Each structure stands twice: as structure tokens, then as C-alpha cells.
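# Descriptive structure summary
Below are the chains, spelled out letter by letter.
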Amino acid sequence: MNDFNAALNERLAAIRKQGLYRELRRVDSPQSPRIEIGGKALLNFSSNDYLGLANEPVIKEAAIQAVEKFGAGAGASRLICGSLAPHHELEEALATFKGTEAALTFSTGYAAAIGTIGALLTKDDVIVIDKLVHACIVDAARLCGAKLRVFSHNDLSELEDILKWAVEIQGPRSKVQGQSRVLIVTESVFSMDGDQAALREIVELKNKYGAWLMVDEAHATGLYGKYRRGLAEELGVSGEIEVQMGTLGKALGASGGYICGSRPLIDFLVNRARSFIFSTAPVPAAAAAAAAGVRFVQSEAGEARRNLLWKRVEEFHAAFGKPPPAYRSAIIPIIIGDETEAVETAAALLKKNIFVPAIRYPTVARGEARLRVTVTAAHEVGEVNSVATAVQQLVNCKS
Ligand SMILES: *Cc1c(COP(=O)(O)O)cnc(C)c1O
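Scope of this entry: the structure provided in the associated data block. (Residues numbered from 1 in each chain as written. Predicted model: local features only at pLDDT ≥ 70, side-chain atom pairs only at ≥ 80, totals over all residues. Heavy atoms only, no water.)

### Quick word on the packing of helix H5 (residues 109–120) against helix H11 (residues 263–272)
For clarity, the threshold we go by: The convention used is that axes are lines fitted to C-alpha atoms, helices contributing only their stretch in contact, and that angles between N-to-C directions extend from 0 to 180 degrees. In this text, helices come from DSSP runs of H or I with a minimum length of four residues, and strands from runs of E with a minimum of two, each type numbered from the N-terminal end. An angle counts as roughly parallel when it lies under 35 degrees, as roughly antiparallel when it exceeds 145, as roughly perpendicular when it falls between 65 and 115, and as oblique in every other case. We call two residues in contact when some of their heavy atoms are within 4.5 Å. Only Asp, Glu, Lys and Arg are considered charged, only Ala, Val, Leu, Ile, Met, Phe, Trp, Tyr, Cys and Pro nonpolar, and every remaining residue, Gly among them, polar.
Closest axis-to-axis distance for the H5/H11 pair is 10 Å, and the angle between their directions is 100°. Between H5 and H11, the angle falls in the class roughly perpendicular. Of the residues in H11, those in contact with Thr116, Ala119 and Leu120 of H5 are Leu265, Phe268, Leu269 and Arg272. Each residue belonging to the contact of H5 with H11 can be placed in one class, and the counts come to five nonpolar, one polar and one charged.

Here is the structure:
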């Protein structure tokens, strides 16, 4: 043949040398606080299944019912003939849950970001993102061809400087003809740090400079706000956000991505979002499971589950023995710094039958490797305590 495999092996060797080599671990159990890997039962503190819904009976039952009624596959894209009733029911449920006019679902959150940003912006526009936004937003920003500007994490004065610049380069044309646009994109709760965007201040800035705002609530939906709609609800700014994005695969316990917003936004995406148009509809079971997840989160059981999660998070911090951050978050990063050291610490935990992932570049910046502990409502207090103690002992003896 040719040198194809040799070339790839050379690249793989370089990845290994930097301590950045990754491999898949096969899990032989459902997603839950206790998982089975390689025949070993492990305590799982790695998943984003914050409310423990991935293996929840009512949600599994909804998926099974959908398979019985609508079959296994979706058959085609939504615009061809795959727009099955469960997708419409899910979108109605999402719009009601979020309090928006309409909603559209995608096969993943990743596809939602790529399709939506690609539809909204062209090369004449400007996209402004927080330095720490998820890779799908970075990729979408690059792909859409708009001028890309990045502000330091949560740095509002840098954001304002960029907005000033954007208005200047646009000149009066934008106001008169509405052609060139500025879109700010941020997460509400950041995936690898667990901290929060200053959404109220960002809304003020976007109003001042006439920009649009897209907020990714992947790690906030189901957890924050009186009705658990997300951080935008908690901060009272839902009505000010043009594009509300999220995933159905984290707290909601299923899979898929969503965009919630105005009717014109959703109609426009149906016509222009390429990852929606040119992709087979998600299987009916996924849509039905997600709709059941939305219903669960809205119910009293959802409220109880959310409150239990915050209780477990508090218990973790108490057992960990360091002052907790000022905000509530199920994502608890333990910064190690060095990539290899982070991997070794995770391996030491694994020896104690505890699964906490080491997060490295390119998921986080180089030299900022960390253990990412995620606590869920499905953990028991004893499990939370023993993991907090084990992590603390390992990190202490390293430093
Ligand atoms: C997980 C995640 C996504 C992608 O959602 P998927 O449904 O997993 O594709 C988008 N944004 C953030 C912040 C995420 O953490």
C-alpha cells in the first residue's frame, strides 16, 4: 500500500509523548452512579447525567413505547418524511418548558450549534465568543466564516471593547440596512469549570450595541431557576436571549440538541440549518425519551431531584474540606496542571474503584489539566463522602 498507517502511527506517537493520548473505555452497564468497566464495579463520578435520568424507569418506558408505536428508525430527514409525531411532541414540550414560542431539535447539541450559527451568520458578520465555550461553538464560529473575536473568560470589559470595534467596522450600514450582524455566544454554566456567565451584564451589553445573543445551557437545563429551565431563568433574562440552546443528553437523560426561541427563528432554521436539513431525523425512541425527560424535570419529582443534587454537592464540598465556590454547580474541577500528573491521579483513583476523568488539552488549555468530578442526584451520601476523601488524599500527597 502506501505510507498511510505509518503516517498516522507517527502522529499517534507524538500525541502519546505529550501525555494526550486518549482511548475508549467500554462500559458494560447502564449509565448510573455505579458502572462496570472491564469486569470491575466502579463508582462513577464522571457523567453529565446530573439528575440520574439516563436510567430512570419512566424515561426508559417512554423510549420503549415509542419503539413499539413508531419503530426503530426514522427513515429520512425531517423535511423528507422523518418528521414523526414524537419529534413534534418533544418540540412542543420544550417550547412550553422554556416559555418560548417554538423549539427545534437536532440529532445532537453539537449539530444544533453548527447548524444554527451557520444559518444565522455569513462572512459579513461578526461572532464574539467567550474563551471557554464548548468546542462545538468554536467549530461553528470557524465554519460560518464570520469574523471571529474571542474575549477572555467572563471578561465583560473585553467583550465591550470588541462590541465597540464591531459597531465601528460595520459603520452606519448595519443600522440602516440590517445586513451585517454581531452575535455573542456564551455558555451559561461552563462545562469544564462549572462557573457561570454574567448573563445580566451580557444582556445589557448586547442591547447597548445592538448585538444578538445565543446562550448554551447544556449544563444548566434542568438544574437552575424556579422551573428548572436554566440559568437564564434564574437570572431573569430568558426573554432577552434571541437563541437558547441546549442538549437533551445531560440532565434530561436522553440524547439530542435543541434550540428554543421565536417562531421566525425556528422557521428560519428549518429552512437554513444544514445539520438539520441534511441529516436523518433522530430515532423516535430518542425523541420520546427526551420528552419524558422534559416532563420529569417539570414535575415535583424533578424539583425533588434537583434539590437532592444540590444537597449532594454540598456534602461533597463538606467532605472535601475546602471552601466551596460562591455559585452552585454539579461540576467540580480539581485543577492539577500537568497533563501526565492528572492522568496518573485519575489512574490512582481507578485503583480504588473510583472513576473520575482526567480532562486535558484540547478540552482545556495546556497546563490546566484537571480531574472533573461531577456529582449527581443518583449518588448516595456515603459515595459522595468516600470519593471526596479519596480525591483529597491523592491531591494532597501530590502537592
Ligand atoms: C455536551 C455539550 C454540547 C454538545 O451537546 P451534545 O448533545 O453532547 O452534542 C454543547 N455545549 C456544551 C457546553 C456541552 O457541554
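After that view of the structure, there is still more to cover.
### A short note on the site of the ligand
For the record, the criterion: Near is defined per residue: the residue qualifies when any heavy atom it owns lies within 4 Å of the molecule or strand. Whenever two N or O atoms come within 3.5 Å, that pair is a polar contact, provided that in protein one can donate a hydrogen and the other can accept it, and provided that, for residues adjacent in sequence, both atoms are side-chain atoms. With residues, only the protein chains shown are counted as cover, and all accessible areas are computed by Shrake-Rupley using a 1.4 Å probe.
Around the ligand, the surrounding shell holds 14 residues, and the nearest of these are Gly109, Asp216, His219, Thr247 and Lys250. Within the side chain of Asp216, an N or O atom sits 2.5 Å from a nitrogen atom of the ligand. A distance of 2.6 Å separates an oxygen atom of the ligand from a polar atom in the side chain of Lys250. In isolation the ligand has 380 Å² of accessible area, and contact with the protein removes 83% of it. Contributions of two or more residues to the shell around the ligand are made by H5 and strand E8 (243–247).

### Quick look at the sheet that holds strand E10 (residues 331–337)
Operational definition: The rule for pairing is simple: two strands pair if DSSP sees at least two bridges between them.
Taken in spatial order, the three strands make up an open sheet running E10-E13-E12, and their pairing is antiparallel. A strand with exactly one partner marks an edge of an open sheet, and here the two such strands are E10 and strand E12 (358–359). The pairing of E10 with strand E13 (residues 369–374) spans six bridges and is antiparallel. Looking across to E13, one finds that Ile332 is bridged to Val373. On top of the sheet, helix H15 (residues 339–351) reaches E10, E12 and E13; it is set at about 35° to E13, its chief contact.

### Some details on helix H1 (residues 4–17)
Basically, it comes down to this: The span one expects for a helix is its residue count, reduced by one, times 1.5 Å.
The end-to-end C-alpha distance of H1, which contains 14 residues, comes to 20 Å, matching closely the 20 Å that a straight helix rising 1.5 Å per residue would cover. Count one or two residues on from H1 and you reach Gly19, which has phi positive near 75°.

### With respect to the side chain of Arg372
Going by this rule: The buried label applies to any residue whose accessible area, calculated with a 1.4 Å probe on protein chains only, is under 20% of its type's maximum; exposed applies above 50%, and partly exposed to all values in between. Counting rule for charge: Lys and Arg are taken as positive, Asp and Glu as negative, and neither His nor the chain ends is counted. The salt bridge definition used is simple: a Lys or Arg side-chain nitrogen within 4 Å of an Asp or Glu carboxyl oxygen.
Along the chain, Arg372 falls in strand E13. Buried and unpaired, Arg372 has no salt bridge, with Asp193 as the nearest side chain of opposite charge at 8.2 Å. For Arg372, the side chain forms a polar contact with the side chain of Tyr50, separated by 3.3 Å. In this structure the side chain of Arg372 is engaged in a polar contact, spanning 2.8 Å, whose partner is the backbone oxygen of Ser191. Look past the residues within four positions of Arg372 in its chain and what remains in contact with it is Phe45, Ser46, Asn48, Tyr50, Ser191, Met192, His219, Ile331, Ile332, Val356, Pro357 and Ile359.

### Focus on the nonpolar core
Cut-off, in case you're wondering: What we call a nonpolar core is a set of buried Ala, Val, Leu, Ile, Met, Phe, Trp, Tyr and Cys residues that are connected through their side-chain atoms within 4.5 Å.
Within the largest apolar cluster, 84 residues are counted, with the highest numbers of intra-cluster contacts made by Leu163, Leu309, Phe316 and Val375. Considering each element in turn, this core owes the most residues, nine residues, to helix H13 (residues 284–298). Dropping the residues within four chain positions of it, Val375 is found in contact with Phe45, Tyr50, Leu309, Arg312, Val313, Phe316, Ala330, Ile332 and Val384. If you look at the next biggest cluster of nonpolar residues, it comprises 32 residues, including Leu104, Ala146, Val185 and Leu269.

### A word on the packing of aromatic side chains
Spelled out, the test is: Any two rings among Phe, Tyr and Trp, with Trp reduced to its six-membered ring, count as a pair given centres within 6.5 Å; such a pair is stacked if its planes are under 30 degrees apart, edge-to-face if over 60, and tilted if neither. Two limits define a charge over a ring: the Lys NZ or Arg CZ must be within 6 Å of the ring centre, and within 35 degrees of the ring normal.
The final tally for this structure, using the stated rule, is three aromatic pairs. Pairing Phe316 with Phe320 gives two aromatic rings, centres 5.5 Å apart and planes at 25°, and the pair type is stacked. Taken together, the positions of Phe316 and Phe320, both in helix H14 (residues 300–320) and four residues apart, correspond to about one turn of that helix. For Phe320, a relative accessible area of 8% corresponds to the buried category. Over the ring of Tyr21 we find Arg16, and its NZ or CZ is 3.9 Å from the ring centre. One Lys or Arg, Arg366, reaches over the ring of Tyr361 and ends 3.9 Å from the middle of that ring.

### What to know about the environment of Ala251
Locating Ala251 in the fold gives a position in the loop between E8 and strand E9 (257–261). A sequence separation of 30 residues divides Ala251 from Thr221, and the C-alpha atoms of the two residues are 6.8 Å apart. Beyond its immediate sequence surroundings of up to four residues, Ala251 is in contact with Asn48, Tyr50, Leu51, Leu53, Thr221 and Leu223.

### Observations concerning the environment of Leu148
Looking at where Leu148 falls in the secondary structure, it is placed in strand E5 (residues 147–151). Residues within four places of Leu148 in sequence aside, it is in contact with Ile127, Ile129, Ala141 and Arg142.

### Here's the deal with the packing of helix H7 (residues 156–170) against helix H9 (residues 199–209)
Filter applied, for reference: When the near helix sits turned anticlockwise from the far one by under a right angle, the crossing is termed left-handed; a clockwise turn instead gives a right-handed crossing.
In contact at an axis separation of 10 Å, H7 and H9 are set at 15° when each is read in the N-to-C sense. By the angle between their axes, H7 is roughly parallel relative to H9. For the crossing formed where H7 meets H9, the hand is right-handed. Only Glu201, Ile202, Leu205, Lys208 and Tyr209 of H9 make contact with H7, whose side of the interface consists of Leu156, Leu159, Glu160, Leu163, Lys164 and Val167.

### Side note on the pattern of salt bridges
All told, the structure shown has 14 salt bridges when counted by the stated rule. In this structure, Arg78 and Glu91 form a salt bridge, with 2.9 Å as the shortest nitrogen-oxygen distance. Highlighted residues: Arg78 in helix H3 (residues 78–82) and Glu91 in helix H4 (residues 85–98), separated in sequence by 13 residues. Each member of the pair, Arg78 together with Glu91, is buried. If you follow the salt bridges from partner to partner, you end up with Asp193, Glu368 and Arg370 in one network.

That is the geometry; function is a separate question.
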